[in-house]
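Observations on the three-dimensional arrangement
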Amino acid sequence: MQKNIRRKPMNAWMVWATLAGAVVILELFSGTFYLLMISFGLLAGAVAAFLSAGTSVQLLTAALVGTAATLALHNSQYGWKGNKDAARDPNVNMDIGQTLTVSEWQEQSGGRYTSRAMYRGAMWDVELQHVTGYPGEYVIQEIQGSRLIVRPV
């Protein structure tokens, strides 16, 4: 005798929760938090389904919460910041923010001053813009090829 076993269909909230779990797993591979924000939206859809809301309300809830969470992350300190200029980024170039001594400046056209200075055991071209050049200490603010762009300390 074979029993006639009926399987209960998966509830809508279980489908939403399963989707949220799958997106969290994908998040572990991506390394960003954006998929995690989408999974918050999917969990909100699961809550709406658990509260017996209609399908359109579930979809709308998931979309609104996911969008709001993604926008909140984007505007936070952990969100996407765009491309930084590597020539000015101290996280890319360890010389940004370091000091060097310039003994003399030569005035160029357009208010630019140039010099040659010893830095890290080598002679570098140094450029100072929009400030009158006097001998002394300067801080590296940018590197353009083999030229150090500096400002007064």
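Just above, that's the structure.
Below or above, wherever it landed, is the structure these notes cover. Note that the structure is a prediction, hence the values are computed from the model and not measured. (Residues numbered from 1 in each chain as written. Predicted model: local features only at pLDDT ≥ 70, side-chain atom pairs only at ≥ 80, totals over all residues. Heavy atoms only, no water.)

As a further point, take the environment of D125. Here D125 lies in strand β4 (residues 122–129). Setting aside residues up to four positions removed in sequence, D125 forms contacts with S115, R116, S146, R147 and L148. Polar side-chain contacts of D125 include one of 2.8 Å to the side chain of R116. (Helix = DSSP H or I, 4+ residues; strand = E, 2+ residues; numbered from the N terminus. Contact = heavy atoms within 4.5 Å. Polar contact = N/O pair within 3.5 Å; in protein donor to acceptor, adjacent residues only side chain to side chain.)

Moving on to unusual backbone geometry. Outside of glycine, negative phi angles account for most residues, and trans bonds account for most peptide bonds. At S52, a residue that is not glycine, the phi angle is positive and equals roughly 65°. Within the secondary structure, S52 sits in the loop between α2 (34–50) and α3 (55–74). With a phi angle near 55°, R120 is a residue other than glycine that sits in the positive phi range. As for its placement among the helices and strands, R120 is situated in the loop between β3 (112–119) and β4. R120 gets classed as exposed once you look at its relative accessible area, which sits at 54%. (Buried < 20%, exposed > 50% of the residue type's maximum accessible area, 1.4 Å probe, protein only.)

To continue, consider a nonpolar patch on the surface. A surface patch of nonpolar side chains, about 770 Å² in accessible area, is lined by M10, W13, M14, V15, L19, V47, F50 and L51. Contributing elements (two or more residues each) for the nonpolar patch: α1 (12–30) and α2. Among the elements that line the nonpolar patch, the one with the most residues is α1, at four residues. Turning to its location among the elements, F50 is positioned in helix α2. (Patch = residues over 30% accessible without salt bridge, like charges linked within 9 Å, V, L, I, M, F, W, Y side chains within 5 Å. Areas by Shrake-Rupley, 256 points an atom, 1.4 Å probe, with all protein chains shown as cover. Salt bridge = Lys/Arg side-chain N within 4 Å of Asp/Glu carboxyl O.)

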